[in-house]
Amino acid sequence: MADIVCFSGNGMSRQVADGLRSLGLGSDDGSLGFVFPVYGWRPPKIVARFIREGLVSRLAGRSPGYVWAVMTCGFDVGYADKVFDQLLCPVLGRGLDAAFSVQMPDTYIGLPGFRLNPPEVMDGKMRRMAERLPGIARRIQMREHVRDLGRGVFPRLKTHVFGRIFDRFFVDDRFFHATAEKCTKCGKCASNCPAGSIGRTGDGGPVWRRDGSCTGCLRCLHGCPAGAIEFGWFTKGKRRLGSDEKGRCE
Ligand SMILES: Cc1cc2nc3c(=O)[nH]c(=O)nc-3n(C[C@H](O)[C@H](O)[C@H](O)COP(=O)(O)O)c2cc1C
């Protein structure tokens, strides 16, 4: 069994997965690794869907000897690892052997008060991530049974109450729209959407499907070359990442 299963909305988890691969993880060593962000102190919907619907075929009958996850976050992960354990159990008959969190630049700007980190904060997080990964890789290679996570304060409340409310009401593509005067109808938002949640109108503009598939990653918004996409009124005037990331659970 090879490689690391990674989902990345805007490239942060991708960088962590690539860093871990460069440190020797993901080779055919009988372990199974996951790298993904937390959204609302829980695994993203698209990750949950992959575990329920895609993991069995990915395993192709093999049973991993050691299962680990690295979760990326802007601040803290709450009990996201425990939610992930519950997703894994019906498929693998067990939860994670090891889980780690790594702080990365925060990509969430969808509600009032949430903005991208200032550049110096982003740089600091990237530096600390590079320092932290070798230790994580070593502990995974040693097959440690460990939970080394920044859970933050009130983790239960965050994951099981706020996170559920967030998932239910704020991970919803009906809040997205493209500003007509700015949208060039280039189609990048549709082709880059990891969940396939964006179609195109007859004249090429984006149309969000509103079928429950949106995972809320904001890649459409961060990656729009014209800065045309907004999430309700809450993203107006806020700095974007300019993300060019491609990614699904792979
Ligand atoms: C919809 C959404 C919800 C988020 N929720 C949290 C959160 O609950 N806690 C946190 O620390 N960071 C949160 N973040 C920040 C991301 O977890 C963090 O920036 C992550 O590294 C992004 O990784 P990605 O680019 O691979 O998606 C959220 C980001 C988004 C887009």
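Each remark here, short or long, concerns the structure printed above.
Residues numbered from 1 in each chain as written. Predicted model: local features only at pLDDT ≥ 70, side-chain atom pairs only at ≥ 80, totals over all residues. Heavy atoms only, no water.

Colleague: Help me understand the sheet that holds strand β2 (residues 31-37) in this model?
Modeller: Two pairing modes exist for strands in a sheet, parallel and antiparallel, and in both the strands are linked by backbone hydrogen bonds. Spatially, five strands are ordered β1-β2-β3-β4-β5 in an open sheet, and the strand pairing comes out parallel. The open sheet terminates on both sides in strands that have one partner only, identified here as β1 (4-6) and β5 (146-148). When the angles between neighbouring strand axes are averaged without regard to direction, this sheet yields 15°. With seven bridges joining them, β2 and strand β3 (residues 66-73) adopt parallel strand pairing. If you follow F36 over to β3, its bridge partner there is M71. Contacting β2, β3, β4 (98-103) and β5, helix α4 (residues 80-92) crosses the sheet at an angle of about 145° to β3. (Pairing = 2+ DSSP bridges. Helix = DSSP H or I, 4+ residues; strand = E, 2+ residues; numbered from the N terminus. Axes fitted to C-alpha atoms, helices over the stretch in contact; angles between N-to-C directions. Contact = heavy atoms within 4.5 Å.)

Colleague: Looking at this model, I keep getting lost on the site of the ligand. Mind explaining?
Modeller: In the neighbourhood of the ligand, 24 residues make up the surrounding shell, with S8, S13, V38, F75 and P105 lying closest. At a separation of 2.9 Å, an oxygen atom of the ligand approaches a polar backbone atom of G9. Contact between the ligand and G11: an oxygen atom at 3.3 Å from a main-chain N or O atom of the residue. Out of a free accessible area of 640 Å², the ligand has 96% covered by protein chains. (Near = heavy atom within 4 Å. Polar contact = N/O pair within 3.5 Å; in protein donor to acceptor, adjacent residues only side chain to side chain. Areas by Shrake-Rupley, 256 points an atom, 1.4 Å probe, with all protein chains shown as cover.)

Colleague: Where do I start with the nonpolar core in this structure?
Modeller: The nonpolar side chains of a soluble globular protein tend to be buried with one another. Membership of the largest hydrophobic core comes to 51 residues, with the highest contact counts inside it found for F34, I51, L55, F84, L88 and F176. For this core, the secondary structure elements donating two or more residues are β2, α2 (45-53), α3 (55-59), β3, α4, α7 (188-192), α8 (219-223) and β9 (229-231). Both domain 1 (4-169) and domain 2 (173-231) contribute no fewer than three residues apiece to this core. Setting aside residues no more than four positions away along its own chain, I51 makes contact with F34, F84, L87, L88 and V91. (Core = buried A, V, L, I, M, F, W, Y, C linked by side-chain atoms within 4.5 Å. Buried < 20%, exposed > 50% of the residue type's maximum accessible area, 1.4 Å probe, protein only. Domains from an automatic or database assignment.)

Colleague: Is there a simple way to explain the pattern of salt bridges in this structure?
Modeller: A pair can form between side chains of opposite charge whenever their charged atoms are brought close. Summed over all chains, the structure comprises 13 salt bridges. D148 serves as the salt-bridge partner of R132, at 3.3 Å between the closest nitrogen and oxygen. With a gap of 16 residues between them, R132 in helix α5 (residues 119-141) and D148 in strand β5 connect regions that are remote in the sequence. Residue class for R132 comes out partly exposed when judged on its relative accessible area of 27%. The salt bridge involving R240 is made with E230; its shortest N-O contact spans 3.1 Å. A residue pair is termed long-range when its members are at least 10 positions apart, and R240 in the segment after β9 and E230 in strand β9 qualify at ten residues. (Salt bridge = Lys/Arg side-chain N within 4 Å of Asp/Glu carboxyl O.)

Colleague: What is the right way to look at the pairing of β2 in this model?
Modeller: In regular strands, side chains alternate between the two faces of the sheet. Burial analysis of β2 places seven of its seven residues in the buried class, which makes it a mostly covered element. Of the two faces of β2, the one holding S31, G33, V35 and P37 and the one holding L32, F34 and F36 are both buried throughout. One ladder, built from three bridges, connects β1 with β2; its direction is parallel. In the strand pairing of β2, V5 is matched with F34. Between the parallel elements β1 and β2, the chain passes through helix α1 (residues 12-22) in a crossover that is left-handed. (Right-handed = clockwise from strand over helix to strand, strands pointing away.)

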